[in-house]
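# Reading the structure
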Amino acid sequence: MKPQSAWGSLKNPVKFKIPTAENLVPIRLDIEIDGQRFRDAFSWNPNDPDSEVVVFAKRTVKDLKLPPGFITQIAQSIQSQLTEFRSYEGQDMYTGERVVPIKLDLRVNHTVIKDHFFWDLNNFESDPEEFARTFCKDMEIEDPEVGPAIAISIREQLYEIAIQSVASARESRANKKRRVTEHISASKTGVPALDLVKLFGIRSSVVRKRKDWDVYEPIVDLLSNEEVDALEAREEKIAR
């Protein structure tokens, strides 16, 4: 017998929450002032007082020796993203039993990571940071910045899926006659309905289907200094 889903069914919605043990907000910063650029990504507890945002901005500017003008820009960007996240709090979301595809396509310093796996949205004990630590250990990745980047990428994708689930609930209320299968169609989940206990086990949230092992085997490449310089130059050109 399968356990009762933690997520809301189509008849019994739950309140908005990112499907992880800690309901953290993925924050991404990309700020440029007078030709100097600051980029960063991290998770933020939405329950922390807003006063911590300015404290964080000031500490970041001091530690990285950035111009004082960055303080306001960093604080405003973080606060804007927190405000958007909080705008979904308390809203209904429908998901049903779902597993969703997660893709990693990252470059962190000299390390390039590409991977593709499925994530169980019903597991509220899932931990992207723990997954990232295990991934780096298994792939023998030494750069300490890679793990946090992987975790943030996963959280960002789960956040987007949660937002889509809120939109799905809104659409359902607006049109009661819509067929419920549209909310959990294979085109949106990426996979058909599955026995999640058999697929994932009790506590795990990640799986690579056996038939896809050759196709979606994790890829980790180490780039030379010249390759990194070329990529960064290309990224700067695109950014302009």
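In this report, the structure presented in the accompanying data block is examined. Quantities reported herein were computed from a predicted structural model and do not represent experimental measurements. (Residues numbered from 1 in each chain as written. Predicted model: local features only at pLDDT ≥ 70, side-chain atom pairs only at ≥ 80, totals over all residues. Heavy atoms only, no water.)

Moving on, we get to the pairing of strand 2 (residues 25-33). On a regular strand, each side chain points to the face opposite its neighbour's, so the side chains alternate between the two faces of the sheet. Here 9 bridges tie strand 2 to strand 3 (residues 36-44), and the two strands are oriented antiparallel to one another. Its bridge partner lying in strand 3, leucine 29 is registered against aspartate 40. Counting the residues that bridge the hairpin from strand 2 to strand 3 gives 2 residues, and of these aspartate 34 lies at a positive phi of roughly 50°. (Pairing = 2+ DSSP bridges. Helix = DSSP H or I, 4+ residues; strand = E, 2+ residues; numbered from the N terminus.)

Let us look at the nonpolar core. Ranked by internal contacts, the top residues of the largest apolar core, which has 46 residues, are Ile74, Ile78, Ile150 and Ile154. Going through the elements one at a time, strand 2, strand 3, helix 1 (51-64), helix 2 (69-86), strand 5 (99-108), strand 6 (111-120), helix 3 (128-138) and helix 4 (146-174) are the ones with two or more residues in this core. Ranked by the residues each element gives to this core, the list is headed by helix 4, at 10 residues. Sequence-distant contacts of isoleucine 150, defined by excluding residues within four places in its chain, comprise Leu104, Leu106, Phe131, Ala132, Phe135 and Cys136. (Core = buried A, V, L, I, M, F, W, Y, C linked by side-chain atoms within 4.5 Å. Buried < 20%, exposed > 50% of the residue type's maximum accessible area, 1.4 Å probe, protein only. Contact = heavy atoms within 4.5 Å.)

Next up on the list: the layout of surface pockets. Each pocket or cavity is described by its volume, and for the largest pocket that value is around 790 Å³. In this structure, the largest pocket is lined by 23 residues; those nearest its centre are Arg28, Asp40, Ala41, Arg107 and Ala149. Of all the secondary structure elements, the ones that give two or more residues to the lining of the largest pocket are strand 2, strand 3, strand 5, helix 3, helix 4 and helix 7 (225-239). In terms of residue count, helix 4 provides more of the lining of the largest pocket than any other element does, 5 residues in total. Within the lining of the largest pocket, the residues separate by chemical class into 11 nonpolar, 2 polar and 10 charged. (1 Å grid on protein atoms, 1.4 Å probe; cavity = no way out; pocket = protein on both sides within 12 Å on 5 of 7 lines; lining within 4 Å. Points joined across faces, edges and corners; volume = space filled by probe spheres on them. Nonpolar A, V, L, I, M, F, W, Y, C, P; charged D, E, K, R; others polar.)

Okay, unusual backbone geometry next. Its identity is not glycine, yet lysine 65 carries a phi of approximately 55°, on the positive side. Of note, lysine 65 is situated in the loop between helix 1 and helix 2. Residue lysine 65 is classed as exposed on the basis of its relative accessible area of 71%. Notably, asparagine 109 is not glycine yet its phi reads approximately 55°, a positive angle. Note on placement: asparagine 109 falls in the loop between strand 5 and strand 6. Asparagine 109 sits in the partly exposed class, given a relative accessible area of 33%.

What follows is about the side chain of threonine 111. Locating threonine 111 in the fold gives a position in strand 6. Take threonine 111: its relative accessible area is 4%, and that puts it in the buried class.

Our next topic: the packing of helix 1 against helix 2. Interhelical geometry of helix 1 versus helix 2 gives an angle of 140° and a closest axis separation of 8 Å. Here helix 2 runs oblique to helix 1, going by the angle between their axes. Between helix 1 and helix 2 the crossing geometry is right-handed. Here helix 1 contributes Val53, Val54, Phe56, Ala57, Lys58, Thr60 and Val61 to the contact with helix 2, which in turn contributes Phe70, Ile71, Ile74, Ala75, Ile78, Gln79 and Leu82. When the residues that make up the contact of helix 1 with helix 2 are grouped by side-chain class, the tally is 11 nonpolar, 2 polar and 1 charged. (Axes fitted to C-alpha atoms, helices over the stretch in contact; angles between N-to-C directions. Parallel < 35°, antiparallel > 145°, perpendicular 65-115°, else oblique. Left-handed = near helix turned anticlockwise from the far one by under 90°.)

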